[in-house]
Amino acid sequence: MGDKDKLISDEESVQDKAAIAEKVATLAVKANRHWYFEAGFLLFWATLFLTIVVPLFYRLPTPLTVHDTNQDVFIAERAHKTLAGLANIGTKVVGSQGNEVYTVQFLLAELELIKQQVLLEYYDIEIDVQIASGSYIHWTMINMYQGVQNIVIKLSPKGSTSETYLLVNSHFDSKPTSPSVGDAGHMVTTMLEVLRVISTSKQSFQHPIVFLLNGAEENPLQASHAFITQHKWAPFCKAVINLDAAGSGGREILFQSGPYNPWLLKYYKESAKHPFGTTMGEEIFQTGLLPSDTDFGIFNTYGNLVGFDLAQCINGFVYHTKYDELDVIPQGALQNTGDNILNLVRALSNAPELYDTEAFTSGHAIFFDFLGLFFISYSSSNGEYLNYGVAGAAIILIFVSLWRIAAVSNVSQEDVRQWAILVLVIQVIAFVLGLALPIVVAYALDLYGKSLSYYSSPLLVVGLFVCPSLVGLSLPSTIYYTLYRNSKVSFAHYIQLALHGHAVVLAVLGVALTYYGLRSAYVITWTLIFYVIPLAINLLTTLHDRGYAWTTILKLFQIFPFLYNSYLFYTFVVVLTPMMGRYGMATNPDLIVSALTALGTILSMGFLILLVNMFRRPSIVFVILLAVSALSIFAATSTDIGFPYRPKTNVERINYLQVRRVFYEYDGTVSWEDSGYAFNFQDRRGPTPLEESGMPLEGLVSLESDCTERMMCGVPLYDQHWVKSRLNTMWLPREQPIETPAMPTLKLLSKTVQADGITVRFVFEVTGPDHTSLFIQPFEDVTISNWSFLQSYLQTTSTYPPPFHIYFSYGIDSSPLNFFIDIMKPNGDFDVQLFELGLSGHFIGSVGDAESVKFAESFSAYSAIVQWPASYQRYIF
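Residues numbered from 1 in each chain as written. Predicted model: local features only at pLDDT ≥ 70, side-chain atom pairs only at ≥ 80, totals over all residues. Heavy atoms only, no water.

So, on to empty space enclosed by the protein. Where empty space is left becomes clear once a probe the size of a water molecule has been rolled over the atoms. In total, this model carries seven cavities of 30 Å³ or more according to the counting rule given. Around the largest cavity, the lining residues are V766, T767, G768, P769, T772, F808, Y810, S814, S815, P816 and L817. Listing elements by their share of the lining of the largest cavity, those giving two or more residues are β15 (759-767) and β18 (804-810). Of the residues belonging to the lining of the largest cavity, the class tally is six nonpolar, five polar and no charged. (1 Å grid on protein atoms, 1.4 Å probe; cavity = no way out; pocket = protein on both sides within 12 Å on 5 of 7 lines; lining within 4 Å. Points joined across faces, edges and corners; volume = space filled by probe spheres on them. Helix = DSSP H or I, 4+ residues; strand = E, 2+ residues; numbered from the N terminus. Nonpolar A, V, L, I, M, F, W, Y, C, P; charged D, E, K, R; others polar.)

Take the pairing of strand β7 (residues 306-312) next. Most of β7 is tucked away: seven of the seven residues are buried. Relative to β7, strand β5 (residues 237-245) runs parallel, the two sharing seven bridges. From the neighbouring strand, N242 faces β7, where its bridge partner is D309. (Buried < 20%, exposed > 50% of the residue type's maximum accessible area, 1.4 Å probe, protein only. Pairing = 2+ DSSP bridges.)

So, on to helix α3 (residues 76-88). Here α3 spans 18 Å end to end across 13 residues, near enough to the 18 Å set by a 1.5 Å rise per residue. Inspection of α3 places A76, A79, H80, T82, L83, A84, G85, L86 and A87 among the buried residues, and these make up the whole buried set. Where α3 is buried, its residues touch α4 (97-117), α5 (181-199) and α10 (331-348). Just beyond α3, the residue with positive phi is G90, at close to 95°. (Expected span 1.5 Å × (residues − 1). Contact = heavy atoms within 4.5 Å.)

What follows is about the nonpolar core. Formed by 116 residues in total, the largest nonpolar core has its most connected members in M280, I495, L499, Y522 and L611. The leading source of residues in this core is helix α16 (residues 550-580), at 15 residues. Apart from residues lying up to four places away in sequence, L499 is in contact with Y531, W550, L554, F607, L610 and L611. A79, A239, A272 and A365 belong to the second-largest nonpolar core, a separate cluster that totals 62 residues. (Core = buried A, V, L, I, M, F, W, Y, C linked by side-chain atoms within 4.5 Å.)

With that settled, consider the packing of aromatic side chains. Under the definition given, this model contains 69 aromatic pairs. Ring centres of F368 and Y522 lie 4.7 Å apart, and the angle between their planes is 15°; this geometry places the pair in the stacked category. With a gap of 154 residues between them, F368 in strand β8 (residues 365-370) and Y522 in helix α15 (residues 522-540) connect regions that are remote in the sequence. F368 gets classed as buried once you look at its relative accessible area, which sits at 4%. Three or more aromatic residues joined by ring pairs make a cluster, and in this case those are Y664, F762, F764, W787, F789, Y793, Y800, F804, F819, F835, Y875 and F877. The ring of W731 has R661 lying over it, and the distance from NZ or CZ to the ring centre is 4.2 Å. (Phe/Tyr/Trp six-rings, centres within 6.5 Å; stacked < 30°, edge-to-face > 60°. Lys NZ or Arg CZ within 6 Å of the ring centre and 35° of its normal.)

This brings us to a nonpolar patch on the surface. Side chains of I421, V425, I429 and L433 sit close together on the surface and give an oily, nonpolar patch of about 330 Å² of accessible area. You can see V425 is positioned in helix α12 (residues 413-447). (Patch = residues over 30% accessible without salt bridge, like charges linked within 9 Å, V, L, I, M, F, W, Y side chains within 5 Å. Areas by Shrake-Rupley, 256 points an atom, 1.4 Å probe, with all protein chains shown as cover. Salt bridge = Lys/Arg side-chain N within 4 Å of Asp/Glu carboxyl O.)

One ladder, built from eight bridges, connects strand β14 (residues 745-753) with β15; its direction is antiparallel. What sits directly across from K747, in β15, is E765. Counting the residues between successive antiparallel strands, the hairpin from β14 to β15 contains five residues, one of them, G757, with a positive phi of roughly 80°.

Here it is as structure tokens:
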């Protein structure tokens, strides 16, 4: 052996010894970690969530009072007093005295008080009460309104020449039974206080501000359509701040912005004292998966307005129920909303972009807040560059890391790449399991009739969905490391390979979502950023190669994505859980909650959970996770903890109609007449909880078969929600006829054959309650060629096939509905059956007859019933 060969051999020997020493040191580190480190690791992150994320999520500012010296700010105490007066009116359904008279009078009186305080040397104020009628296509029906009311206020700076206005909108009407304190009295009184502050301040603005208090949003969205298509000030409105609610008593969330005007977010970022919003929420809302809609879409569709859509979103359990009362709204919630809206109105009313919003149209934006502490926004194009750049940087640094591992371990690059590919495959499996296991649990719970078990016990989400996700994420790599020990590289490096594999999965997923156009990919990118940065630091130092030293930097940086992602997905769980109680019977809502929870777990803990393999007994972690899951499943399925409903706080929503129906034949005779209760159950469990509680529901049957035989199932379906879920409608027959307050009348005023000989015109008059629906179904070889309703609806039968649905409601104007229908028949024979017409009348606000009252009283204390008498009359012409 030559001197050179001997030198090489000596160097290799030294490297081998160094490698062995490092492995021994690694084993020593593991050996010195006691069993309780495993439990402490999980406890640390749980503590971080409970002590930082949850308190910041529910944090509210200190409410200001009238005794505070600075009166040029939003005063929650004054807004709360106004809200109390509004709450005392009670329900405010369109067409009722409460909405059309008492509430309008109350708001006008409040506005008169504000008007008396206006600094008239600085501002001009105009108040207009709009009474409007109109119609448009909403969902799959014609949404027709008559005499709905808007209270519109315009505040203009003296001498202003601006012809571009800022619109601020909310609604004062309510759903049946709800006093509408949160939805949307909270927002209405916020607007009144903002108007008072601005109109009494010397801090002026450029663009006139229009405050729209609309009286028909729940109907749905009728008054906003009336304003934007008919009001004299509407053509000048260029941007809107829309205020609504899907909850009561917390922070309001920004869940829609723009569209295509990212400059708006600059003003929210600079103005909102308490930021709260996310692009991901915007994209989820715009999928149409959520059972909600707002006026924002109407303003954008019919007025091309851009702006913001904000809503109360916490404690959605009381939303649209009789429990939406004053006592669930702390003054701090009013202060939070008021601070944000006052500053935002001031900012936008001075925005130069408002002069020509189209000139600043440039695409979507990405936005999110960090724990409510600060707000981040950037354009979607910049977001694409960032997403691709971070994914690319992650891949590059991982390759550098693989090279370093090979170099310090004295193995070939090829060997390390092969191990890395194997571990990557394992991490792909782990990602799939992390997502799939919670969904499997959700499916199994639903299979045994135990869906929504977390509805009133949100802590169950941890055991039912979070723990299975963590098991799925970590188990494949742990099994692999247990069964296969690679003696050629240190165990610390092998754990690095697992983390690299997870990073590659996220990078590929982020690139795919970005390519597909989902702005929500930002969540993956920012998660990946806080893996890329510590990886770069570790590579630039010797920490990467010194056993587990690299984990210190990693864990420090992982605090940030853990806090943000757990905060973000906690937001979704808090907001969506109450919505699942009104998601209907057709869909298993647990699939949605479990999928979102799993995704949040993967993004929050995906890197961290892999570090359990550092410990001497990682199996302890799995035992803890499995034990929590097992206890949660037991609680959900075998104890009262898993029962979804609680009185007042977590109610079961039950919608039903007291129905009297009459079927008239072509000759005018009655072929069938009966009465019963038509149920539209709002959640997955349907009638089961009622039956188990002893409710008298003998004879309850599905109407699915009736829906194939009768137009619209032969019942007075109230609105599009009822129409959409009609196959799940259930019928409880009643022997004693339902006594409705009245019966709508349909008069055939004339039947005239037209000049072409193949068309006949029917002219009708309908008199009925303030909420009525018409269902029209032409028979075979018959076409409706014209009518007095929207032509666009009639001309798109491929999109809106018969039976046609005309939803009609009136506010202050109760005049009869007059309309005509032109029927075309090629052979000109009009002495036969041509079409069916169903007329439904809804007597909202009436409790019904004595038997109906007794039936309503038999529901459990945890039931929030919404019901009224309704009639259905089927005619054939």
